[in-house]
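# Survey of secondary and tertiary structure
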Amino acid sequence: MIKNTEALESLNKMCSETLMEHLGIIYTEVGEDYLVAEMEVTSNHWQPMKILHGGATLALAESVGSALSVIHTDLAAYDVKGMEINANHIRSLRKGKITAKAKFVHRGKMTHIVEVNVLNEQEKLVSICRITNVIIKK
């Protein structure tokens with residue numbers, strides 16, 4: 001388990017040479033039961049209609065939702081695996097920073113259910129996502 005004081009630095013370091021680095025996802029805030037990450041939306045994140053691609057939004061949501069489970073799990077004894085993700089996209093955007101806040105809905109021994117709210121710079125809901133992570137004994 002990563003301590004809160006070390007979590008942001010550790011998580012951001014783990015993102016080197018990953019999809020998170022390619023998309024520009026940066027972890028920015030951690031609390032007892034939540035984690036926040038940001039992503040600057042550019043043309044690299046667009047779908048053909050030149051708006052934020054739902055897959056990029058889901059990559060952000062899964063990155064922050066899975067990482068929340070990771071920092072609350074003893075990784076020496078357990079693995080964290082994403083089992084399911086879903087989303088409702090509420091509003092679109094072309095550019096700007098989006099913020100994803102992941103918070104536990106359920107934190108059991110074998111499963112974590114995480115809700116992720118993705119907000120634009122005006123703090124309006126862009127997408128709401130739910131992730132189920134399975135916690136597997138090594």
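See the structure shown above.
All values derive from a computational prediction rather than experimental measurement.

### A few points about the pairing of strand β5 (residues 111–119)
Of the two faces of β5, the one lined by H112, V114, V116 and V118 is fully buried and the one lined by T111, I113, E115, N117 and L119 carries no buried residue. Bridge count between β5 and strand β6 (residues 125–137): nine bridges; the pairing is antiparallel. When the bridges of β6 are listed, V116 appears paired with C129. The turn linking β5 back onto β6 is made up of five residues, and E123 within it adopts a positive phi angle of 60°.

### Things to note about the packing of aromatic side chains
For any pair of aromatic rings, the description consists of the separation of the ring centres together with the inter-plane angle of the planes. Scanning all chains against the criterion turns up zero aromatic pairs. Residue placement shows K101 over the ring face of Y34; its charged tip is 4.3 Å from the ring centre.

### Quick notes on unusual backbone geometry
One non-glycine residue, E17, lies in positive phi territory at about 60°. With respect to the helices and strands, E17 occurs in the loop between α1 (4–14) and α2 (19–23). Residues other than glycine seldom take positive phi values, yet K50 does so here, at roughly 65°. Locating K50 in the fold gives a position in the loop between β2 (34–41) and α3 (54–71).

### Quick notes on the nonpolar core
Counting 31 residues, the largest nonpolar core has I98 and V116 as its most contacted members. Of all the secondary structure elements, the ones that give two or more residues to this core are α1, β1 (26–30), β2, α3, β4 (96–107), β5 and β6. The element that contributes the greatest number of residues to this core is α3, accounting for eight residues. If sequence neighbours within four positions are ignored, V116 has contacts with A61, V64, G65, A100, K101, A102, S127, I128, C129 and I131.

### Digging into the pattern of salt bridges
One pass over the full model with this rule turns up three salt bridges. Put simply, E38 and K97 hold a salt bridge, and the shortest N to O gap is 3.4 Å. Of the two residues, E38 is situated in strand β2 and K97 in strand β4; the sequence distance between them amounts to 59 residues. We note a salt bridge from K138 to D79, for which the minimum N-O separation is 3.6 Å. You can see K138 sitting in the segment after β6 and its partner D79 sitting in strand β3 (residues 78–89), a full 59 residues away along the chain. Given the relative accessible area of 29%, D79 is considered partly exposed.

What counts and how
- Residues numbered from 1 in each chain as written.
- Predicted model: local features only at pLDDT ≥ 70, side-chain atom pairs only at ≥ 80, totals over all residues.
- Heavy atoms only, no water.
- Buried < 20%, exposed > 50% of the residue type's maximum accessible area, 1.4 Å probe, protein only.
- Helix = DSSP H or I, 4+ residues; strand = E, 2+ residues; numbered from the N terminus.
- Pairing = 2+ DSSP bridges.
- Phe/Tyr/Trp six-rings, centres within 6.5 Å; stacked < 30°, edge-to-face > 60°.
- Lys NZ or Arg CZ within 6 Å of the ring centre and 35° of its normal.
- Core = buried A, V, L, I, M, F, W, Y, C linked by side-chain atoms within 4.5 Å.
- Contact = heavy atoms within 4.5 Å.
- Salt bridge = Lys/Arg side-chain N within 4 Å of Asp/Glu carboxyl O.

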